[in-house]
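A structural walkthrough
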4 protein chains.
Amino acid sequence: MTERAGPVASAFATLATCRQRTLALCEGLSDADMTVQSMDDASPAKWHLAHTSWFFEEFILQPRVAGYEVFDRRFRYLFNSYYEQVGARHPRPRRGMLTRPTLAEVHAYRQHVDAALGRLSRAQPSLDIVNIVRLGIAHEEQHQELILTDLLHLFAQNPLRPALRDAAPRAASSMRPMHMHAFEGGRVRVGHAGEGFAFDCEGPAHDVLLQPFALASRPVSNGEWTAFISDGGYRTPTLWLSDGWARVQAEGWQAPLYWREIDGAWQTMTLHGECSPTPSAPVCHISYFEADAFARWAGKRLPTEFEWECAAVAQAGDADAGQFADDGHWVPHADQTQSPLENLFGGAWEWTASAFAPYPRFAAAPGAVGEYNGKFMCGQFVLRGGSCATPRGHVRPTYRNFFPPHARWQFSGVRLAEDRS
Amino acid sequence: MTERAGPVASAFATLATCRQRTLALCEGLSDADMTVQSMDDASPAKWHLAHTSWFFEEFILQPRVAGYEVFDRRFRYLFNSYYEQVGARHPRPRRGMLTRPTLAEVHAYRQHVDAALGRLSRAQPSLDIVNIVRLGIAHEEQHQELILTDLLHLFAQNPLRPALRDAAPRAASSMRPMHMHAFEGGRVRVGHAGEGFAFDCEGPAHDVLLQPFALASRPVSNGEWTAFISDGGYRTPTLWLSDGWARVQAEGWQAPLYWREIDGAWQTMTLHGECSPTPSAPVCHISYFEADAFARWAGKRLPTEFEWECAAVAQAGDADAGQFADDGHWVPHADQTQSPLENLFGGAWEWTASAFAPYPRFAAAPGAVGEYNGKFMCGQFVLRGGSCATPRGHVRPTYRNFFPPHARWQFSGVRLAEDRS
Amino acid sequence: MTERAGPVASAFATLATCRQRTLALCEGLSDADMTVQSMDDASPAKWHLAHTSWFFEEFILQPRVAGYEVFDRRFRYLFNSYYEQVGARHPRPRRGMLTRPTLAEVHAYRQHVDAALGRLSRAQPSLDIVNIVRLGIAHEEQHQELILTDLLHLFAQNPLRPALRDAAPRAASSMRPMHMHAFEGGRVRVGHAGEGFAFDCEGPAHDVLLQPFALASRPVSNGEWTAFISDGGYRTPTLWLSDGWARVQAEGWQAPLYWREIDGAWQTMTLHGECSPTPSAPVCHISYFEADAFARWAGKRLPTEFEWECAAVAQAGDADAGQFADDGHWVPHADQTQSPLENLFGGAWEWTASAFAPYPRFAAAPGAVGEYNGKFMCGQFVLRGGSCATPRGHVRPTYRNFFPPHARWQFSGVRLAEDRS
Amino acid sequence: MTERAGPVASAFATLATCRQRTLALCEGLSDADMTVQSMDDASPAKWHLAHTSWFFEEFILQPRVAGYEVFDRRFRYLFNSYYEQVGARHPRPRRGMLTRPTLAEVHAYRQHVDAALGRLSRAQPSLDIVNIVRLGIAHEEQHQELILTDLLHLFAQNPLRPALRDAAPRAASSMRPMHMHAFEGGRVRVGHAGEGFAFDCEGPAHDVLLQPFALASRPVSNGEWTAFISDGGYRTPTLWLSDGWARVQAEGWQAPLYWREIDGAWQTMTLHGECSPTPSAPVCHISYFEADAFARWAGKRLPTEFEWECAAVAQAGDADAGQFADDGHWVPHADQTQSPLENLFGGAWEWTASAFAPYPRFAAAPGAVGEYNGKFMCGQFVLRGGSCATPRGHVRPTYRNFFPPHARWQFSGVRLAEDRS
């Protein structure tokens, strides 16, 4: 499919590839692996497969294809995630009860939807369909990432510590010393504008005022995190936000999620099985609370999302050059590039100090699609940059991910910042 | 295998048949169906398959077969249910996390254990092995019943209301009018004595004093239960034990478990799908609290376990003649026999007024096997008679099943009693 | 008031004394001490004062005194404890919210009720009033005991460890060695019959069969309990019932309630402040689970309630001779008498192995009074003998107290038993 | 005390007046009223009395008065609120267990501290003491407000609906129609700078960019809120943030806190007893979730805290002219002034759309005082303007109050905003 084919055909071609990639991620998984739900926040891979198909049925096929026959009308209830305007839905914490429909039926569902999307693409739909197709692709990519994060959580509950797949071989690397990279700040344009796809919450573009700041040349490493642990970081209440310290005590946090001490040495569970955390690699599976406490311990602070974006734009590097899910190595590793801000894209998401809030003049889109991001703008913090579980091409400098401050099951790390005069 | 083969060979032959029946019950179930856990009290079918194999490894093969190689030494942790003397074990509410070992591996585990049992049986072990083999059979049969009860609970969580299997065809039947059958009581011998197998909690046999009483000729029916509902049974606190009424309010009970009202008519979920409860069939999936409240509403009471046993012995009927799991019809139906106490065995377990307590001079067996029943003698009530989910041959007149008074996911019903002068 | 005055006058005279004693117990308590509720199971002393007055309003004054004016019609809602037939009521866990009515208003309420009871007694009511007056006295006495147990729980939550009152002085005592006292058993009459007052659950009197048994000459002592702790009793799962072991782990039990270790020595909180537990005194504030585990550790068992009653009747001692609340020493101490079964009455309640169940042919009384005991006959165990917090004269050999197996805030201890041939 | 007396003497004089006002608020309360804790978030008035005294002991008397003798060294544990650097402390949800120390002892504690403060003030301490004295005053004022909010919560739990005090008489008033007042925005200075006292979180002062906006001339009224209720506001999920809707369902919200419907008419509980909400008065006791949902329903939005501050500064009104706690009327009423932004100060706190976050270059003070605000900068939203429960003189245009988005027991209301071009 060439660019000459026009934006509609191009979008559908990208979509087809994207849909295939979702299935490819699930290779090697059993029916049970794909059906069990390991916690309320996580969903089974089979559910992700079905939900991403439902999304196209609900938002493209039914509104735009005359005479489209839904695969099974009961799936609207089963596979709607959180769209109130679509109607009642199966409770999120009960997604793991759905041993039926079978995995084969869900695969048939996907084929049914894919076939209809193929027919639609060949019917030369009007150009305005591109936006919703692109949203569908971005949505599917988000669920690809969730398939990996949710599977890791499931496998980490299993005393047998299974691996999803062997790690792709890669050369050993060492992280370079961290130094602080200065930025002048001032009146800075942030947020998405222009042609390419972006989520609604990335706009409107607008100006903000930034005071001079500096951003670390690389994320905090496992080795540095081990020093934090050894120095009593998890036992020192004055390093923590009040809610964070309450969480440390209530849940007995002593290290990042998936770490445990065996015979005096830390081990970490990964999608490639349990292994020693590489000292020079970015730390991962930490909460906002931990990121913030580490920064305080280090005499630094977290960057705001606008400082991060300002630096990302200034660096002008290629957002797609980092370590992404397509590389098949689902543990963050140190960047080999010589860019001034290493590992900014890919590897591990970076917590920022910014609460996830609407940009000035943000307005949710009309209809159920408007529920995509806006209704979550409360109680969450922004993460930036993507991770090794994010599909390549998914993130941008303006991209805003968001999770509650206690969340740890995403591939989330931290980069330090500080004030400059 | 004839009786001439001797008790050891006979026990092993029965065991082999029993083990096959466990697998047969799971026909038609997917890997996911057998792995998901629908609540803390229920276990996945795959776990039942593995645990019943572990039982033989732990209590027969390892102690008695020199050089026996365990299939996987990690399974001792994964598939020990509650034996403290065996050591640490996977937490019960987390059994559903075990997507690994795979179903194929668990089948291989069963074959490994079955092969070793086969070799052991051919090695002519001494006669004393019979007791533990019989215990293993009875244990496996209990888990056969749990496979059915736990699957029904799982399928009832699914909005698609799947069926495990089509119901075996059977002739329509009508229940005869209930009348009260009088017994004189007096000094009565209860509990197990003699040759056949019985669980430890069924003995020692001992005498009890019973005052004259009467037992209903049949269990309470769905039709009668509907009258109780219509009369406000679930809204009248004075009918209920205090703890029962608290449960009614906290959980919003309005009918037996698995019943729901659709367009003004009750439907009930069964292993054969959702259907209308047959008015003449025994009511099922009620708690002790509900049984007790119904009895009070009806101006009767529950029988004690000794009244029940006394009547069962007096009736001298064949305990195996009732409706059992082997019939493949997993909803209680009205008895076709003309015995004075219809449906006493099979159909639905019958709650008694007796707390599950040790008989005088009861002593738990030494070792881990002693944990089988004794440590549960607190906070539970005795049920008698077996159900349509119980394997034929499993129950006896002295058999004591037990569950907490709020439990409803077993095939539990109720038979009324009253005092006589 | 002499006996010549007749049973009605006598009952009212006893009632007046009893009502005074309730107030006397509260001397030295502040408004706050009497209003705060320290847990759902406990009630504030002010609530006890009001509830016991409401009881007479509801069950004597309103039904029997023409034109009786209730003190405040809203109190029926506030101070009904659990009588469903009386109507809606303030939720039990919210009793501590009632800073109003004030303590002065509650005292005025008591005076209003007492004055009306006085007028009623002088009006020469018919003889049939005696039963309900006696029930009112027994009810008030039960709440006298609860005032002490609930206050101890409240004060134990306070880091200042306040004392209700200085202990009455008493001579030091040492406990004699424990020996087992044999009883033949056989067909034994149990339960209440005859003239005196008894609660409904103490009857009907009936025969039971007892096998030969022995009962310990005295309760288990603090010194013996310390040995149990030192021997790892609280860390050994095989000593415990399954539900008990779950409780030990969930709540971190390491000793009886109110014990804590300070600088290597056990201290116990009492109504006379915190002090060292006297080694020779009966252990107190243990649950059924702990009593049962201790007995298993000691190679003994708990007595059934009928064994206890049989022994109490055989001993023919004076039930009122023990250590009761009137003595003003609210910590159990060793008996100074030379009776064969020391401390059987008073000191500490003794857990029995018997679930609290209705006696054969038990029927609850009609009306709200019938809710007194019957609806609690599920999930509780019987305790016998009374405690140092029980008013003298309240208990009998047939008296049945009952609490859930995990309850520890009552003055509950344990006496061992064993089988004899 | 005149200004000539110098800032130190002036500060101590203000402090003495402030301390008296705390006691005056508690007039008419019983010991029980002041000791009971009605929920984890609320504290007993007695605890507030003691904690505010402990604050001076800990931060002024002990560090600055040689030989100062603490009143009771155990109070450091009992009355420390949340200062980790001060050490271990009594758990917040257990503050209501402290029937001891008695109320008299707490009053003696206050006198002990006040006497020591008096001696200190007469000893002519150096000028640098002013800052901590001013902080102590501001701190005491915050607890004066909490005494009222927490008492209202306690009395609202009581079915008798007691009143703290009769309402101060006031003339009837009617609210004027709401109109939107436009502001140009642009580069605006926000945050505290200069001489007067402010909390650390109000600075540093810095510039922000605001787009043109409009702010409502007055808060949303009870009458408008009733229209929102009638229009199904509490039943329409699309009006709500996702977390807000979850809360509506979980807690059954149907109206502001303290509202209940009696015979078809809304009643609201206040410190002057239960009464009809005045239609023209500002709505109160709503959460951020409700404020946000109402704004969406009204086609408006919440202002950011900087829009609010910008408008407050532009209006240049007198922050002390509003309805404050000193007026003794603890229900918001409509403003009588003719200012363009009515009720901006006093009446009810106004939720803003701004998460409570540190201003650029914010740094917590060293020592335990640094825990005052910084560690709560997560999961909360900013409220502005003070309420009828706030002491007059306590708030400023830069003042930032903060509570979690679900909190409703404060005197919190809402003022609408919108975008302008």
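Our structure's up above, just so we're on the same page.
Structure report, in brief.

Cut-offs used in this document
Residues numbered from 1 in each chain as written. Chains lettered and ligands numbered in written order. Predicted model: local features only at pLDDT ≥ 70, side-chain atom pairs only at ≥ 80, totals over all residues. Heavy atoms only, no water. Helix = DSSP H or I, 4+ residues; strand = E, 2+ residues; numbered from the N terminus. Rg over C-alpha atoms; globule rule 2.2 N^0.38 Å. Buried < 20%, exposed > 50% of the residue type's maximum accessible area, 1.4 Å probe, protein only. Contact = heavy atoms within 4.5 Å. Areas by Shrake-Rupley, 256 points an atom, 1.4 Å probe, with all protein chains shown as cover. Lys, Arg positive; Asp, Glu negative; His and termini not counted. Charge placed at Lys NZ, Arg CZ, Asp CG, Glu CD. Pairing = 2+ DSSP bridges. Axes fitted to C-alpha atoms, helices over the stretch in contact; angles between N-to-C directions. Buried area = accessible area lost by both parts, 1.4 Å probe. Salt bridge = Lys/Arg side-chain N within 4 Å of Asp/Glu carboxyl O. Polar contact = N/O pair within 3.5 Å; in protein donor to acceptor, adjacent residues only side chain to side chain. Nonpolar A, V, L, I, M, F, W, Y, C, P; charged D, E, K, R; others polar. Least-squares fit on C-alpha atoms with pLDDT ≥ 70 in both. Parallel < 35°, antiparallel > 145°, perpendicular 65-115°, else oblique. 1 Å grid on protein atoms, 1.4 Å probe; cavity = no way out; pocket = protein on both sides within 12 Å on 5 of 7 lines; lining within 4 Å. Points joined across faces, edges and corners; volume = space filled by probe spheres on them. Phe/Tyr/Trp six-rings, centres within 6.5 Å; stacked < 30°, edge-to-face > 60°.

Moving on: the overall build of chain A. A count of helices and strands for chain A gives nine helices and twelve strands. For 421 residues, the compact-globule estimate of 2.2 N^0.38 gives 22 Å, and the C-alpha radius of gyration of chain A, at 22 Å, lies within 12% of that figure. Across its three principal axes, chain A shows a C-alpha extent of roughly 65 × 50 × 40 Å. For chain A, buried positions account for 60% of its 421 residues. Excluding contacts between residues fewer than 6 apart, the proportion of contacts in chain A whose partners are at least 24 apart in sequence is 79%. With an accessible surface of roughly 15,900 Å², chain A has 52% of that area assigned to carbon and sulfur atoms. Counting 39 positive and 46 negative side-chain charges, chain A places the centres of these two groups 3 Å from one another.

Residues and elements named next belong to chain C. Spatial ordering of the open sheet is given by E1-E4-E12, a layout of three strands whose pairing is antiparallel. Edge positions in the open sheet fall to strand E1 (180–183) and strand E12 (417–419), since each of these has one partner strand only. Direction aside, neighbouring strands of the sheet carry axes that sit 25° apart on average. Where E1 meets strand E4 (residues 213–216), four bridges bridge the pair, whose relative direction is antiparallel. Counterpart to Ala182 in the pairing with E4 is Ala214.

Buried accessible area, meaning the area lost when the parts come together, often serves as the stated size of an interface. Opposite the 29 residues of chain D that make contact, chain C presents 29 residues. Interface area, chain D with chain C, both sides summed: about 2,300 Å², of which 60% is carbon and sulfur. For the chain D face of the interface with chain C, the top three residues by lost area are Met97(D), Arg100(D) and Leu160(D), together amounting to 29%. One can count two salt bridges joining chain D with chain C. A salt bridge links Arg100(D) to Asp33(C); the nearest nitrogen and oxygen atoms lie 2.6 Å apart. Counting every contact that joins chain D to chain C gives twelve residue pairs in polar contact (both at pLDDT 80 or more). Elements represented by at least two residues in the side of chain D that touches chain C include exactly helix H3 (75–79) and helix H5 (129–156) of chain D. Its residues placed into classes, the side of chain D that touches chain C shows 14 nonpolar, ten polar and five charged.

Taken together, the 31 residues of chain D in the interface contact 31 residues of chain A. The contact between chain D and chain A buries some 2,300 Å² in all, and 60% of this surface belongs to carbon and sulfur atoms. Interface area lost by chain D to chain A is led by Leu209(D), Arg361(D) and Cys378(D), which between them contribute 29%. Connecting chain D to chain A are eight residue pairs in polar contact (both at pLDDT 80 or more). Secondary-structure elements contributing two or more residues to the side of chain D that touches chain A are strand E3 (206–210) and helix H7 (242–251) of chain D. Of the residues forming the side of chain D that touches chain A, the biggest block, four residues, is contributed by E3(D). Looking at side-chain class alone, the side of chain D that touches chain A contains 15 nonpolar, seven polar and nine charged residues.

Placing chain D over chain C gives an RMSD of 0.0 Å and needs a rotation angle of 180°, together with 0.0 Å of translation along the axis. One copy is carried onto the other by what is essentially a two-fold rotation axis. When C-alpha distances to the rotation axis are compared across chain D, the minimum falls at Ala32(D), with a value of 2.1 Å. In this assembly, 100% of the residues forming the interface of chain D have copies in chain C that are likewise at the interface, indicating an isologous arrangement.

Glancing now at the packing of helix H2 (residues 45–64) of chain A against helix H5 (residues 129–156) of chain A. All names here are of chain A. Taken N-terminus to C-terminus, the directions of H2 and H5 make an angle of 170°; their axes are 9 Å apart at the nearest point. Between H2 and H5, the interaxial angle falls into the category roughly antiparallel. The residues of H5 that touch H2, namely those facing Ala45, Trp47, His48, His51, Thr52, Phe55, Phe56, Phe59, Ile60 and Arg64, are Ile129, Ile132, Val133, Leu135, Gly136, Ile137, His139, Glu140, His143, Leu146, Ile147 and Asp150. Among the residues forming the contact of H2 with H5, the class breakdown is 13 nonpolar, six polar and three charged.

All names here are of chain A. Where burial is concerned, most of helix H8 (residues 288–297) is hidden: eight out of the ten residues are buried. Residues Tyr288, Phe289, Glu290, Ala291, Asp292, Ala293, Phe294 and Ala295 constitute the buried set of H8. Turning to H8, the residues buried within the fold contact helix H6 (222–230), helix H7 (242–251), strand E8 (349–355) and strand E9 (381–384). Backbone geometry just downstream of H8 places Gly299 in the positive-phi region, at approximately 75°.

Bringing unusual backbone geometry into the picture now. Residue Pro101(A) is reached from Arg100(A) by a cis peptide bond, and omega for that bond is 0°. Looking at the element boundaries, Pro101(A) is found in the loop between helix H3 (75–79) and helix H4 (103–122). In the segment running from Gly203(A) into Pro204(A), the intervening peptide bond is cis, with an omega of 0°. Structurally, the position occupied by Pro204(A) is in the loop between strand E2 (186–190) and strand E3 (206–210). For Asn343(A), which is not a glycine, the phi torsion comes out positive at approximately 60°. As for its position among the elements, Asn343(A) is in the loop between helix H9 (305–315) and E8. Residues other than glycine seldom take positive phi values, yet Asp263(D) does so here, at roughly 50°. Inspection of the secondary structure assignment puts Asp263(D) in the loop between strand E5 (259–262) and strand E6 (265–270).

Next up on the list: the relation of the copies chain D and chain A. Here the two chain copies are tied together by a rotation about an axis and a shift along that axis. With an RMSD of 0.0 Å, the operation that places chain D on chain A is a rotation of 180° combined with a shift of 0.0 Å along the axis. A shared binding surface is used by both copies, with 100% of the interface residues of chain D retained as interface residues in chain A.

Another point: the sheet that holds strand E11 (residues 412–413) of chain C. Residues and elements named next belong to chain C. Spatial ordering of the open sheet is given by E10-E9-E8-E11, a layout of four strands whose pairing is mixed. Of all the strands in the sheet, just strand E10 (401–403) and E11 have a single pairing partner and so form its edges. Sheet topology note: the strand E8 (residues 349–355)/strand E9 (residues 381–384) ladder contains three bridges and is antiparallel. Bridge pairing in E9 links Glu350 to Arg384.

For the rest of this paragraph, the subject is the pattern of salt bridges. Residues and elements named next belong to chain D. A complete count under the given rule lists 120 salt bridges over all chains for this structure. Of the charged contacts in the structure, one is a salt bridge between Glu140 and Arg19, with a shortest N-O distance of 3.1 Å. Of this pair, Glu140 sits in helix H5 while Arg19 sits in helix H1 (residues 6–25), and the two are 121 residues apart along the sequence. For Arg19, a relative accessible area of 2% corresponds to the buried category.

Residue and element names in this part refer to chain B. When you line up the elements, Arg396 lands in the loop between strand E9 (381–384) and strand E10 (401–403). The class for Arg396 is buried, based on a relative accessible area of 16%. Not counting the four nearest positions on each side in its chain, Arg396 is found in contact with His192, Phe197, Ala198, Phe199, Glu202 and Phe345.

A word on empty space enclosed by the protein. It is the rolling of a water-molecule-sized probe over the atoms that shows where space remains empty. Summed over the entire model, instances satisfying the criterion amount to nine cavities of 30 Å³ or more. Approximately 150 Å³ is the volume attributed to the largest cavity. Taken together, 17 residues line the largest cavity, and the ones lying closest to its centre are Ala355(A), Gly379(A), Ala355(D), Gln380(D) and Phe381(D).

Bringing the packing of aromatic side chains into the picture now. Residues and elements named next belong to chain C. Inspection of the entire model under this criterion finds 130 aromatic pairs over all chains. Seen from their ring centres, Phe199 and Tyr399 are 5.9 Å apart, and the 75° between their planes marks the pair as edge-to-face. In this pair, Phe199 sits in the loop between strand E2 (186–190) and strand E3 (206–210) while Tyr399 sits in the loop between E9 and E10, placing the two residues 200 residues apart along the sequence. The pair Phe199 / Tyr399 is uniform in exposure class, with both members buried.

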